[in-house]
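Residues per chain are reported as follows:
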Amino acid sequence: MDVLNLKNLGEAIPQLYRYETIARANDHTFTLVRVKDRTLDFHSHPESDEVFFIVSGSMQLEFRDRIVTLNEGEMCVVPKGVEHRPVCTEEVLCLLIEKAGTLTPDNTGGTYRDDK
């Protein structure tokens, strides 16, 4: 039951595109990632909603029918099964929340590793 400071934890991530699991609750993982100049492919998660919470910076989530811009302190819940793709042009620190096993190398540009 430790207090987690998301900004401090994000600053400690040694490189871009490195996914760091910072907590688990029930069957969900809380993962921080710093990203810049990356657009992922459209994909969906059939078994889990996915939460994007912007700790710092901004990014866009593209859907097949619209684009949502997320700024610091904002979040978006992508329902399971909805196709989406993150677009990060500037550096962003993002907290991802979803069921364990949802993040894979295939849907994270090949950089996700489940080390914990």
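To be clear, the structure that these remarks concern was listed above.
Predicted, not measured: the structure shown is a model, and the values here were computed from it.

Novice: What am I meant to see in the overall build of the protein here?
Specialist: In terms of regular secondary structure, the protein is built from one helix and nine strands. Ordered by position from the N terminus, the helices and strands of the protein form the series α-β-β-β-β-β-β-β-β-β. Of all 116 residues assigned to the protein, the portion counted as buried reaches 40%. Pairs at least 24 apart in sequence give 64% of the contacts found in the protein among residues at least 6 apart. For the protein, the computed accessible surface area is about 6700 Å², with 47% contributed by carbon and sulfur atoms.

Novice: Could you clarify how one ought to interpret the pairing of strand β9 (residues 92-99) in this entry?
Specialist: Along a regular strand, successive side chains alternate from one face of the sheet to the other. Within β9, seven of the eight residues are buried, which leaves it mostly tucked inside the rest of the structure. As judged from the eight bridges shared by strand β2 (residues 28-35) and β9, these two strands associate in the antiparallel manner. By the bridge assignment for β9, Arg34 is matched with Leu93.

Novice: Looking at this model, I keep getting lost on unusual backbone geometry. Mind explaining?
Specialist: With the exception of glycine, the majority of residues adopt a negative phi angle, and the majority of peptide bonds are in the trans configuration. Of note in this structure, Tyr17 is not a glycine but carries a positive phi near 65°. Among the secondary structure elements, Tyr17 is positioned in the loop between α1 (6-11) and β1 (20-25). In this model, Asp37 sits at a positive phi of 55°, which is unusual for a non-glycine residue. Inspection of the secondary structure puts Asp37 in the loop between β2 and β3 (38-39).

Novice: Would you mind showing me how to read the pattern of salt bridges here?
Specialist: Should the charged atoms of two oppositely charged side chains come close, the side chains can pair. Under the counting rule described, the total for this entry stands at five salt bridges. Note that Arg18 and Glu20 form a salt bridge whose closest N and O atoms lie 2.6 Å from each other. You can call Arg18 partly exposed: its relative accessible area is 33%.

Thresholds applied
- Residues numbered from 1 in each chain as written.
- Predicted model: local features only at pLDDT ≥ 70, side-chain atom pairs only at ≥ 80, totals over all residues.
- Heavy atoms only, no water.
- Helix = DSSP H or I, 4+ residues; strand = E, 2+ residues; numbered from the N terminus.
- Buried < 20%, exposed > 50% of the residue type's maximum accessible area, 1.4 Å probe, protein only.
- Contact = heavy atoms within 4.5 Å.
- Areas by Shrake-Rupley, 256 points an atom, 1.4 Å probe, with all protein chains shown as cover.
- Pairing = 2+ DSSP bridges.
- Salt bridge = Lys/Arg side-chain N within 4 Å of Asp/Glu carboxyl O.

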